[in-house]
Amino acid sequence: MSEQLSYLGVPLTRPKVGFFELSSCEGCQLQLLNNEATLLDFLNLVEIVNFREGMSERADTYDIAFVEGSVTRKDEIARLSEIRKNAKILVALGSCACFGGVNQLKNRFRDLEWVKKEVYGDFPIESMEVHPLADFVRVDLEIFGCPIKKEEVERIVTNLVLGKAVHHPEYPVCMECKANENICLFELGEPCLGPITRAGCDAWCTSNRRGCWGCRGPAESANLTQLEEIMRTYGFSSETLLDRLECFGGFASFTETIRSRGKKTPSKRKKP
Amino acid sequence: MKLSCEVNVHHLTRVEGHGNIRISIKNGVVKKAQWEVVETPRFFEAMLVGKHWENAPYICGRICGICSIGHTLASIRAVENAFGITPSAQTTTLRLLLKHMETLQSHILHLYFLAAPDFLGTGSVLPLTKTHPQVVQQALRLKLLANDACDIIGGRRLHPTRTVVGGFTMLPEKAELETIRQRLLSSVSDLLASAELFKTFAIPDFSRETEFVSLKGETNYPFIGGALVSTDGVLKKEHQYRAMTNEYCKTGFTSKLSRLSRPSLAVGALARLNNNFPLLHPAAQEISISLGLEPVNHNPYMGNVAQLVECVHVVLDSVHLIDTLLGTPWQEPRQPVHAKKGEGVGAVEVPRGILYHYYKFDSLGKVIKADCVIPTSQNHANILHDIEALASQYAKAGKKDREIELLAEMLVRAYDPCISCSVH
Ligand code: SF4
Ligand code: SF4
């Protein structure tokens, strides 16, 4: 590990980085520590000035703020705005931050009071409809996934440090799955959102024979009609499709399309 | 003698989630000694209502990043119990192995990254990379081994992909298990070195009599399913978990709390060890004794030592489990699932203590009711009472505010709380 970083002979400054979490499982942050083989090099690339889960020191200014989790309570809006003010670049880390994540499943219920009562009975508790970060502040970059893929984060952070542009794949997970030479999960009797979900995870689930649940949201030209046809052909109900589409929040507009076609009450949630 | 003290810790660091410590003592009288959980709740139990059974383990794993495997397994067990499915011996062995590897990675994360900096007098693990490089390397090696094993068995080290109701979507290669076996064997020396390091740590001298709750092992140190036991002599069946947890709400806490025979109870590595010491691997027992930990120990700081002892146990037991798996040809990875009306409970010992998932299904296999009781919420009331006792004891002993603050912080950390988990 060296103190001075350089790229092609040009000295680089280590950006000050802060990690923050709103409502989340903290799994995305954990993924960074889960990267034992390259952790020390990664830590050397940046100067971590704020990481409550890992260290006691804290600072109020940082070049890059990684924010994990979704907004589910009013005080989180204030915290998020404060972080936005202090940061040059704000990165939404993981599907909770990008789309509301699994947390937004509670938005299915029109009656928030019922939701609170179901868990806390008559005990008063504060909560609001779940939102992704971008509903309240400017987000400079999104890192998708539940959880995020550590290799991808390292590549993205390296690019940020080097000042290079960050691109997400436009093609779907299905392409990565094919490239990994897997048997198609539909052939194995598993429903899968691989054909419409944005790639970048290297077909993480499908390579483990688990259907994709769409944690990274829609690919650039996701074709919902085509997927519905595939699901029908293989005998899966529209409910199975809906379960998967609405799991992480990335497909909010898609579920709305499907719901508004059916007889069920349309979901009130609009894609931001 | 100093009889007054003011401690105000907002958003305690090096723990998972958001909690505050506030202590105020004036002239020997404790005005306030509080542990507050202010984390935002997420309402998982409501999210599941109306969802098909398949969603439960997938979504509920997201309650917690650190123990997502334990949540997934408890959830799967609850669904299987509701549908009357008995997993095969192969599935049971693989699940336990996966569970062991999660316990190892989580305990190592806590011991080295969250707790050790306190004992070594730093704010984080970062300075230790310079001052104690060999310690950091040991920790990274152990954690990497555990995480690699989770990838191989569960498909992913966090939010596993292969674990499903009825078994696994696919099985590891036997050669991969053989490699893990070798790495486990060579990791024993790292654990012995860790034990030596821990002997040099000054464990604060504090204890408060506590009721410890855990699974009760029959022939093995318990991790998945079985009877529930407390050191005060309460014995319950798995499905009677509500009588064991008695959850209630309290102002200042967004998580629920628990009590049993006393105003509070404790779960976790120390509770498991206190209740099941004779079932630990003999080598783990030996290390435990050498570190001054024998049942029943009422010093909460010993939770750290109990975690280390459990690391030794899970590593050695995993070698044994892999031998069993290598000695038998692979069977079908998963059995078919037929949903039916019913209810089921799954109790699993996750790193921070006993975890319960409960679901009730209609005849189509849709969730009508869900309930999850998290270890950290069971520990909250005990942390609160510990802080009160600690504050008055140390203020009487004349310790400085900063010392009391650090001891209170270390105390909370010793429970290895997973606060976002507790307000799922
Ligand atoms: S995106 Fe998934 S892994 Fe990341 S914090 Fe949210 S629930 Fe956890
Ligand atoms: S396969 Fe699908 S659900 Fe799995 S990580 Fe990739 S995008 Fe997410």
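Counting of residues starts from 1 at the beginning of each chain's written sequence and follows it residue by residue. All chains are assigned letters beginning at A, and all ligands numbers beginning at 1, according to the order in which they are written. Selection of residues for local features in this predicted model requires a pLDDT of at least 70, selection of side-chain atom pairs for listing and counting requires 80 or more, and totals for whole chains, interfaces and linings are taken over all residues. Hydrogen atoms and water are omitted, and side-chain values are computed over all heavy atoms in the structure.

1. Examining the overall build of chain B
Okay, step 1: When helices and strands are tallied, chain B shows 14 helices and eleven strands.
Okay, step 2: Taken along the three principal axes of its C-alpha coordinates, chain B extends 70 × 45 × 35 Å.
Okay, step 3: Within chain B, the fraction of its 424 residues that count as buried is 66%.
Okay, step 4: Any two residues whose heavy atoms approach within 4.5 Å are treated as being in contact. A separation of at least 24 residues holds for 71% of the contacts in chain B among residues at least 6 apart in sequence.
Okay, step 5: Shrake-Rupley sampling with a 1.4 Å probe provides the accessible areas, and residues are treated as covered by the protein chains on show and by no other component. As displayed, chain B has an accessible area near 13600 Å², and 53% of this comes from carbon and sulfur atoms.
Okay, step 6: We treat Lys and Arg as the positive residues and Asp and Glu as the negative residues; His and chain ends play no part in the count. Charge positions come from single atoms, namely NZ of Lys, CZ of Arg, CG of Asp or CD of Glu. Charged side chains of chain B number 44 positive and 40 negative; the gap between the two group centres comes to 5 Å. Strands here are runs of E lasting at least two residues and helices are runs of H or I lasting at least four, both read from the DSSP assignment and numbered beginning at the N terminus. Under the scheme applied here, a residue whose accessible area is under 20% of the maximum for its type counts as buried, over 50% as exposed, and between as partly exposed, the area being computed with a 1.4 Å probe on protein chains only.

2. A closer look at the domain arrangement of chain A
Residues and elements named next belong to chain A.
Okay, step 1: Residue ranges labeled as domains rest on an automatic or database domain assignment. Taken domain by domain, chain A comprises domain 1 (5-162) and domain 2 (173-260).
Okay, step 2: Here the C-alpha centroids of domain 1 and domain 2 sit 25 Å apart.
Okay, step 3: On the side of domain 2, 13 residues touch domain 1, which itself brings 16 residues to the contact.
Okay, step 4: Here domain 1 meets domain 2 over a buried area of about 1200 Å², counting both sides, of which 60% is carbon and sulfur.
Okay, step 5: As used here, buried area is the combined drop in accessible area, with a 1.4 Å probe, of two parts when they are placed together. Among the residues domain 1 hides against domain 2, the three largest losses belong to F99, F144 and K149. Together they make up 44% of the total.
Okay, step 6: Salt bridges are identified by distance alone: a Lys or Arg side-chain nitrogen within 4 Å of an Asp or Glu carboxyl oxygen. Our count for the domain 1 to domain 2 interface comes out at two salt bridges.
Okay, step 7: For E152, the salt bridge goes to R216, with nearest N and O atoms at 2.7 Å.
Okay, step 8: Three classes are used: nonpolar for Ala, Val, Leu, Ile, Met, Phe, Trp, Tyr, Cys and Pro, charged for Asp, Glu, Lys and Arg, and polar for all others, with Gly counted as polar. Within the side of domain 1 that touches domain 2, the residues separate by chemical class into seven nonpolar, six polar and three charged.

3. A look at the packing of helix α4 (residues 89-119) of chain B against helix α6 (residues 133-154) of chain B
Residues and elements named next belong to chain B.
Okay, step 1: Axis definition: a line fitted to C-alpha atoms, limited for helices to the stretch in contact. Angles are taken between N-to-C directions and run from 0 to 180 degrees. Interhelical geometry of α4 versus α6 gives an angle of 155° and a closest axis separation of 9 Å. In this view, α4 runs roughly antiparallel relative to α6, as classed from their interaxial angle. Crossing angle aside, the handedness with which α4 passes α6 is left-handed. Along its contact with α4, which presents L94, L97, L98, M101, E102, L104, Q105, I108, L109, Y112 and F113, the element α6 presents V135, Q138, A139, L140, L142, K143, A146, N147, A149, C150, I153 and G154.
Okay, step 2: Grouping the amino acids of the contact of α4 with α6 by side-chain chemistry returns 17 nonpolar, four polar and two charged. Put simply, angles under 35 degrees are roughly parallel, angles over 145 are roughly antiparallel, angles from 65 to 115 are roughly perpendicular, and the rest are oblique. By definition, turning the near helix anticlockwise from the far helix through less than a right angle yields a left-handed crossing, and turning it clockwise yields a right-handed one.

4. Details of the site of ligand 2
Okay, step 1: Proximity is defined per residue: if any heavy atom of the residue lies within 4 Å of a molecule or strand, that residue is considered near it. Ligand 2 sits among A:V173, A:T197, A:C201, A:W204, A:C205, A:C212, A:W213, A:G214, A:C215, A:R216 and B:R156.
Okay, step 2: Around ligand 2, the nearby residues trace back to chains A and B.
Okay, step 3: The residue inventory of the shell around ligand 2, partitioned by class, reads seven nonpolar, two polar and two charged.

5. Some words on unusual backbone geometry
Okay, step 1: The amide bond that connects A:C146 to the next residue, A:P147, takes the cis arrangement and shows omega of 0°.
Okay, step 2: Here A:P147 shows up in the loop between β7 (141-143) and α6 (150-162).
Okay, step 3: Residue B:V296 follows B:P295 across a cis peptide bond; omega there is -15°.
Okay, step 4: For B:R14, which is not a glycine, the phi torsion comes out positive at approximately 55°.
Okay, step 5: Residue position: B:R14 is located in the loop between β1 (5-9) and β2 (19-26).
Okay, step 6: Assessed through its relative accessible area of 2%, B:R14 is described here as buried.
Okay, step 7: At B:H159, a position not held by glycine, the phi torsion is positive, near 55°.

6. Structural notes on the pairing of strand β3 (residues 16-21) of chain A
Residue and element names in this part refer to chain A.
Okay, step 1: Counted residue by residue, β3 has five buried out of six residues, so it is predominantly covered.
Okay, step 2: Here four bridges tie β3 to strand β4 (residues 47-51), and the two strands are oriented parallel to one another. Across the sheet, the residue bridging to G18 is N50, located in β4.
Okay, step 3: Two strands form a pair only when DSSP identifies at least two bridges running between them. As paired elements, β3 and strand β5 (residues 62-68) share five bridges and run parallel to each other. Within β5, the position partnered with V17 by the bridge is I64.

7. A few points about the confidence of the model for chain A
Okay, step 1: For chain A, the mean per-residue pLDDT works out to 89, and 92% of the residues sit at or above 70.
Okay, step 2: Across chain A, the secondary-structure element scoring lowest on mean pLDDT is strand β1 (residues 5-7) of chain A, at 68, and the one scoring highest is helix α4 (residues 95-99) of chain A, at 98. As a per-residue measure, pLDDT reflects the predictor's confidence and takes values from 0 up to 100.

8. Re the UniProt feature "binding site: Ni(2+)" (unreviewed entry) in chain B
All names here are of chain B.
Okay, step 1: UniProt positions are given in the numbering used here, feature names are shortened, and annotations may be inferred rather than shown by experiment. Per the UniProt annotation, the sites labelled "binding site: Ni(2+)" (unreviewed entry) are C64, C67 and C418. Taken along the chain, the residues just named run across 355 residues; in space they keep tight, none of their C-alpha pairs more than 9.1 Å apart.
Okay, step 2: Looking at the element boundaries, C64 is found in the loop between α2 (55-60) and α3 (68-83).
Okay, step 3: Within the element layout of this structure, C67 appears in the loop between α2 and α3.
Okay, step 4: Here C67 is in contact with E102, V350, P351, R352 and C421, once residues within four sequence places are set aside.

9. Description of the pattern of salt bridges
Okay, step 1: Counted under the stated rule, the structure contains 41 salt bridges over all chains.
Okay, step 2: For the salt bridge of A:E113 with A:K116, the shortest nitrogen-to-oxygen distance reads 3.4 Å. Here the residue A:E113 and the residue A:K116 both occupy positions in helix α5 (residues 112-120), the gap between them amounting to three residues, near one helical turn.
Okay, step 3: For A:E113, a relative accessible area of 52% corresponds to the exposed category.
Okay, step 4: Overall, the relative accessible area of 15% leaves A:K116 in the buried class.
Okay, step 5: Taken together, the shared-partner salt bridges connect A:R108, A:D243, A:E246, A:R259 and B:K51 into one network.

10. Here we look at the sheet that holds strand β9 (residues 342-350) of chain B
Residue and element names in this part refer to chain B.
Okay, step 1: Read across the sheet, three strands follow the order β9-β10-β11 without closing on themselves; strand pairing throughout is antiparallel. Each edge of the sheet is formed by a strand with only one pairing partner; in this case those strands are β9 and β11 (367-373). Ignoring which end each strand starts from, the neighbouring axes of this sheet average 10° apart.
Okay, step 2: In terms of strand pairing, β9 meets strand β10 (residues 353-361) through nine bridges, oriented antiparallel. Looking across to β10, one finds that V348 is bridged to L355.
Okay, step 3: Across the face of the sheet, α3 comes into contact with β9 and β10 while running at roughly 150° to β9.

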